[in-house]
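Here's the letter readout for the chains.
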Amino acid sequence: MSGNTSQARTVESTPCAIRRAPARPSAVTALTRAVEGFFVRHRRRLAAVHAAMFVVFMTIIFGPLFTPEAPPGAGAFDHITPFASYVLWGLWFPLVFLSVIVTGRSWCGILCPMGAAAEWGNRFGPQWGIPAWMRWEGLPVVSFLIVTILGQTVGVRDHPEAAAGVFGGTMAAAVVVGFLYGRRRRAWCRHMCPIGLLLGVFSRLGAVEFQPKLRLPGGEAYTEHGVCPTMIDVTRKQESRHCIECFRCVNPEAKGGVALRLRRPGEEVEEIRHHHANPMEVWFLFIGTGIALGGFLWQILPVWQDLRQAFGEWAIERDLLWLAEPGPAWLMSVHPERREVLVWLDFFLIVAAMLAVMALYAALLGATTAAAARLAGRAGADSGFARRFTELGYQYAPVAMVSLAVGLGTALFAPLQLLGFGPEAVRAAKGLLFAASLVWSGWLGWRILAGQGLAASRRWLPLLPGALGSAAIAFGWWPALFGL
Ligand code: SF4
Ligand code: SF4
């Protein structure tokens, strides 16, 4: 008897002992817990980071206005004006875009002085409810188009006054909107920020996700109640794009709430069906790619001068002499001291050229995506055409992001030259990055088609239009990346 009892105890005690032993967290879990703990502990200190960033932002934006003109040919470390330009366009712009792949919208939650100023201003304002017009999903797209086109016509990359006007104006708009609307929220960041919209789309590719520990059914939802400054119902959160990674919903000790999770870059897009795919976002991806490309192409294509000449002659024939007059400096570049004065004719031509390239690329990418969705349907993919279209549109995210970051942030590669690498090596680095984005876009297309229920052997044909669309984006950016 006693022997049996003893044996029974031994048999029972072994599994109990195993069950009680605390599970050893994996290295990834340990890392995410450590990051969560760090940010939760130091959350209050973020205000100091934001204040410091505000000072840096103001210095970079307005500092050059209070210093003498930079001597011709001055380098980034010779004078504050080229230095500020390098920081803005060589570092900040491309690095913030590329950083979303690793850390999502950490720029927004941890560093951005604009969003922080909008939220700070909100404490003192009337805190009106967020109106319906502001919630229209096209509003940040409009805001993005206005800022991008204005940036081109005033020469935001070449003139410190223009940079001060565009960035200072955006900061002022953020503070005013923040002051007026929402109750302890960031209405500007969710509904109007042109940069946030771009970062939001690309953050879906990121390796970081804030995921509810217990997700309630019902899908992604908008709420002005709760802890989230960008109005995410954190218990139903499915998508990354509106999450600015502020850590306010994170409590490592609680059973509920939200937890930081590391994931494979691109995972959310691969499984976009389960992450609140959005047609407006997809159209923005097409439009944004086109307008950025238009802003670049008008400056370098030889046909531009011919167009300008022809339009000028047409205006003179009709006695439209005011078209040869400069417009206001807040609308177009008027800098006689730097031998750059745009007239109304230039202004209209630049805007028309940018909108034309935008329309062309939106139509092209829309057509390739529609073809992919149609072919996928014929091959047996599930769900309707509109849903397949929206899901497949996301495959362009990597190639669009790398084009924007590398094409517009050409100074990103300047350090390579400082380190002694020649132009060939720089071109090779850009080419590699770009080739990687093309492959990634193809892979995402492949995985999205798998999510639509297509067997591997049936995915090749619907994949082709996506590859064509990516090739069209690459073709457009080719002069920026490798020269004409
Ligand atoms: S959404 Fe715009 S203003 Fe808000 S934190 Fe991000 S970049 Fe800054
Ligand atoms: S979901 Fe959480 S981490 Fe993301 S913005 Fe909202 S409160 Fe901040």
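Residues numbered from 1 in each chain as written. Chains lettered and ligands numbered in written order. Predicted model: local features only at pLDDT ≥ 70, side-chain atom pairs only at ≥ 80, totals over all residues. Heavy atoms only, no water.

**Student:** Any chance you could break down the overall build of the protein for me, citing the residues and the numbers?
**Tutor:** Within the protein, the regular secondary structure consists of 20 helices and four strands. Overall, the protein is about 115 × 55 × 55 Å in size when its C-alpha atoms are taken along their principal axes. Here the analysis covers contacts within the protein between residues at least 6 apart in sequence; of these, 77% occur between residues at least 24 apart. Averaging the coordinates of the 43 positive side-chain charges in the protein and doing the same for the 31 negative ones gives two points 14 Å apart. (Helix = DSSP H or I, 4+ residues; strand = E, 2+ residues; numbered from the N terminus. Contact = heavy atoms within 4.5 Å. Lys, Arg positive; Asp, Glu negative; His and termini not counted. Charge placed at Lys NZ, Arg CZ, Asp CG, Glu CD.)

**Student:** Quick one: what's the story with the nonpolar core, residue by residue and with numbers?
**Tutor:** Residues Phe-167 and Phe-202 are the most contacted members of the largest nonpolar core, which totals 115 residues. The biggest single contributor to this core is helix H15 (residues 344–379), with 16 residues. No fewer than three residues from each of domain 1 (28–203 + 208–262) and domain 2 (276–482) sit in this core. Not counting chain neighbours up to four residues away, the residues in contact with Phe-167 comprise Phe-57, Ile-61, Leu-88, Trp-89, Trp-92 and Val-156. In terms of nonpolar packing, the next biggest core, distinct from the first, is built from 14 residues, Cys-228, Ile-232, Cys-249 and Leu-260 among them. (Core = buried A, V, L, I, M, F, W, Y, C linked by side-chain atoms within 4.5 Å. Buried < 20%, exposed > 50% of the residue type's maximum accessible area, 1.4 Å probe, protein only. Domains from an automatic or database assignment.)

**Student:** Requested: an account of the domain arrangement of the protein, with residues and values cited.
**Tutor:** The assigned domain composition of the protein is domain 1 (28–203 + 208–262) and domain 2 (276–482). Computed over C-alpha atoms only, the centres of domain 1 and domain 2 are separated by 24 Å. Opposite the 37 residues of domain 1 that make contact, domain 2 presents 40 residues. Taken together, the two surfaces of domain 1 and domain 2 that pack against each other cover about 3300 Å², and 72% of this comes from carbon and sulfur. Of all residues in domain 1, Gln-152, Thr-153 and Phe-202 give up the largest surface area on contact with domain 2, accounting jointly for 18% of the area buried on that side. Put simply, domain 1 and domain 2 have three salt bridges between them. With a shortest N-O distance of 2.6 Å, Glu-69 and Arg-338 are connected by a salt bridge. Where domain 1 packs against domain 2, one counts eleven residue pairs in polar contact (both at pLDDT 80 or more). Listed by contribution, the elements that provide at least two residues to the side of domain 1 that touches domain 2 are helix H4 (80–103), helix H8 (139–154), helix H9 (160–180) and helix H11 (194–203). (Buried area = accessible area lost by both parts, 1.4 Å probe. Salt bridge = Lys/Arg side-chain N within 4 Å of Asp/Glu carboxyl O. Polar contact = N/O pair within 3.5 Å; in protein donor to acceptor, adjacent residues only side chain to side chain.)

**Student:** Describe in detail the site of ligand 1, supporting the description with residues and values.
**Tutor:** Around ligand 1 sit Arg-105, Trp-107, Cys-108, Cys-112, Met-114, Gly-115, Arg-186, Trp-188, Cys-189, Cys-193 and Gly-196, and those are all the residues in its vicinity. For the shell around ligand 1, the secondary structure elements donating two or more residues are helix H5 (106–111), helix H6 (113–122) and helix H10 (187–191). Here the residues of the shell around ligand 1 are counted per class, giving seven nonpolar, two polar and two charged. (Near = heavy atom within 4 Å. Nonpolar A, V, L, I, M, F, W, Y, C, P; charged D, E, K, R; others polar.)

**Student:** Tell me about the environment of Glu-224, residues and numbers included.
**Tutor:** Mapped onto the elements of the fold, Glu-224 is located in the loop between strand E1 (208–212) and strand E2 (258–262). C-alpha of Glu-224 to C-alpha of Ala-324: the two residues are 100 residues apart in sequence and 50 Å apart in space. The residues contacting Glu-224, other than those within four sequence positions of it, are Ile-130, Arg-135, Arg-185 and Met-231. Polar side-chain contacts of Glu-224 include one of 2.9 Å to the side chain of Arg-135.

**Student:** For the site of ligand 2, give the residues involved together with the corresponding values.
**Tutor:** Neighbouring residues of ligand 2: 13 residues in total, closest Cys-228, Cys-243, Ile-244, Cys-246 and Cys-249. Its residues assigned to classes, the shell around ligand 2 comprises ten nonpolar, one polar and two charged.

**Student:** Can you lay out the packing of aromatic side chains for me, pointing to particular residues and giving the numbers?
**Tutor:** Going through the model one piece at a time under the given rule, you end up with 29 aromatic pairs. Centre to centre, the rings of Phe-77 and Phe-83 are 6.1 Å apart; their planes meet at 55°, and the pair counts as tilted. Taking relative accessible area as the criterion, Phe-77 reaches 64% and is therefore assigned exposed. On the basis of relative accessible area, Phe-83 is assigned to the partly exposed category, the value being 31%. Taken together, a centroid distance of 5.9 Å and an interplanar angle of 80° make the contact between Trp-92 and Phe-167 edge-to-face. Of this pair, Trp-92 sits in helix H4 while Phe-167 sits in helix H9, placing them 75 residues apart in sequence. (Phe/Tyr/Trp six-rings, centres within 6.5 Å; stacked < 30°, edge-to-face > 60°.)

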